[in-house]
Amino acid sequence: MEISNTLNIQGNNILIIGNWSYRNLWDELILIGTIKLLQSQHKHIYIQAYDSRWLEGFLKQFVDTSNITFLTEIPKGIRSWIRFLRDGVYKQKWRELFSYAKIDGVIVGWGEILTEENPNSYWYWLVSLLPVLIRKIFVKTNIYLMGWIQTPSKSLNKKLFDFLLSQTKHIYARDTHSVEALSAYEFKNCEFFMDTAYYAWDWKKDTTNEWKKEKYIIVNVNKNGEKFLEEIANDIMEYQKQWYIVYYVAVSKWSQAEYNDSKYYKRLPGKLHRLDWEDNFEAFVEKIKGAEIVISTRLHLFLIASFLGIKTKVYPYQKKILKMQEVLKKIK
């Protein structure tokens, strides 16, 4: 299976919609990879973000942000609507709405973009697209979907999905199962495209790795993988018996405890050292390169280790992990 690095996105002003700036490493890497692909085509980029200030600071480690316009994401809940309206009045955020008049194309891109494993996803993205869909009534605007896309079985989701597909020009799916499912659903404008996090960093870069002087492993657990906690604890104790140092990385650091991996740091045995990815991503990658093994429940960390050629042990809590393992085998 071949990997392409060319996104056929029409238009010059491109909006990228997703779960950006929620301090979830993989989502941010998906965004960075997409930005790099668009910047190679000299596009002007717009990004909907929860926290534009944090996101711009993080992106500067990877890309030139001078051609990027940051917009406040369209809220999905009552509290976020209150904050959105408050900022609109007091911080004049309402001016951002004029930016939507300039947009030629939109990429809705995230890992699990449309799946009933995330029950609200089928209306979630339609809300995010609201300004674009209004503009689309009067001016042609191309919408593209990227990521893992699942055809729904529930009747309401089918209606929402059908409407979204009716507005979509093309889909770039990150696994072949999505392509086949969409073809069976009679949506033909779909093709495989590697998860764009692959393009976020030079994973093959040769460097002198000082961390090789240590014997260590790297571990992560998230809420969906909590059922494997005892097994991961046993893995850790086996390596600790062999005098391995254990580093723990919170891949997602969102403020809501449910989406913050940090809480599992104290629930695992022995002395663990924290490993951070946010402030110095290059140092984080170098640390992973020196690991004996990466043990994770998150697809995110599994893929990074795989891109770097590091031995992995993954506890698959969702189909997406198994699907991406299959993709990596096919592209070697």
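Our structure's up above, just so we're on the same page.
Cut-offs applied
- Residues numbered from 1 in each chain as written.
- Predicted model: local features only at pLDDT ≥ 70, side-chain atom pairs only at ≥ 80, totals over all residues.
- Heavy atoms only, no water.
- Helix = DSSP H or I, 4+ residues; strand = E, 2+ residues; numbered from the N terminus.
- Rg over C-alpha atoms; globule rule 2.2 N^0.38 Å.
- Buried < 20%, exposed > 50% of the residue type's maximum accessible area, 1.4 Å probe, protein only.
- Contact = heavy atoms within 4.5 Å.
- Areas by Shrake-Rupley, 256 points an atom, 1.4 Å probe, with all protein chains shown as cover.
- Lys, Arg positive; Asp, Glu negative; His and termini not counted.
- Charge placed at Lys NZ, Arg CZ, Asp CG, Glu CD.
- Pairing = 2+ DSSP bridges.
- Axes fitted to C-alpha atoms, helices over the stretch in contact; angles between N-to-C directions.

Engineer: Quick rundown of the overall build of the chain? Include the residues and the values.
Structural biologist: In terms of regular secondary structure, the chain is built from 11 helices and 12 strands. Taking 332 residues into account, the globule formula puts the C-alpha radius of gyration at 20 Å, and the chain, at 20 Å, falls close to it. When its C-alpha atoms are laid out on the principal axes, the chain stretches across 65 × 50 × 40 Å. Within the chain, the fraction of its 332 residues that count as buried is 56%. Considering only residue pairs separated by 6 or more positions, the chain has 72% of its internal contacts joining residues 24 or more positions apart. Accessible surface, the chain as shown: approximately 15,700 Å² in total, 52% of it carbon and sulfur. Measuring between centres, the 47 positive side-chain charges of the chain sit 3 Å from its 37 negative side-chain charges.

Engineer: Can you explain the sheet that holds strand β8 (residues 216-220)? Please cite residues and give values.
Structural biologist: Across a sheet, strands are paired by hydrogen bonds formed along the backbone, either parallel or antiparallel in direction. Read across the open sheet, the 5 strands follow the order β10-β9-β8-β11-β12; overall the sheet is parallel. Bordering the open sheet on either side are β10 (272-275) and β12 (312-314), each of which pairs with just one other strand. For this sheet the average axis-to-axis angle between neighbouring strands, irrespective of direction, equals 25 degrees. With 3 bridges connecting them, β8 and strand β11 (residues 294-296) associate as parallel partners. Each bridged residue has a counterpart across the sheet, and for Ile-218 the counterpart in β11 is Val-294.

Engineer: Give a detailed account of unusual backbone geometry, specifying residues and quantitative values.
Structural biologist: One non-glycine residue, Arg-23, lies in positive phi territory at about 55 degrees. A positive phi angle, near 60 degrees, is found at His-42, a position not held by glycine. Locating His-42 in the fold gives a position in the loop between α1 (25-39) and β2 (44-49). Judged by relative accessible area, His-42 falls into the exposed class, the value being 71%.

Engineer: Which residues make up the sheet that holds strand β5 (residues 142-147), and what values go with them?
Structural biologist: Ordered by their spatial adjacency, 7 strands build an open sheet running β3-β2-β1-β4-β5-β6-β7, and the pairing between neighbours is parallel. Looking along the sheet, the strands with just one partner apiece sit at the ends: β3 (68-72) and β7 (190-192). The mean angle between the axes of side-by-side strands here comes to 20 degrees, regardless of whether they run parallel or antiparallel. Pairing of β5 with strand β6 (residues 168-173) involves 5 bridges; the strand directions are parallel.

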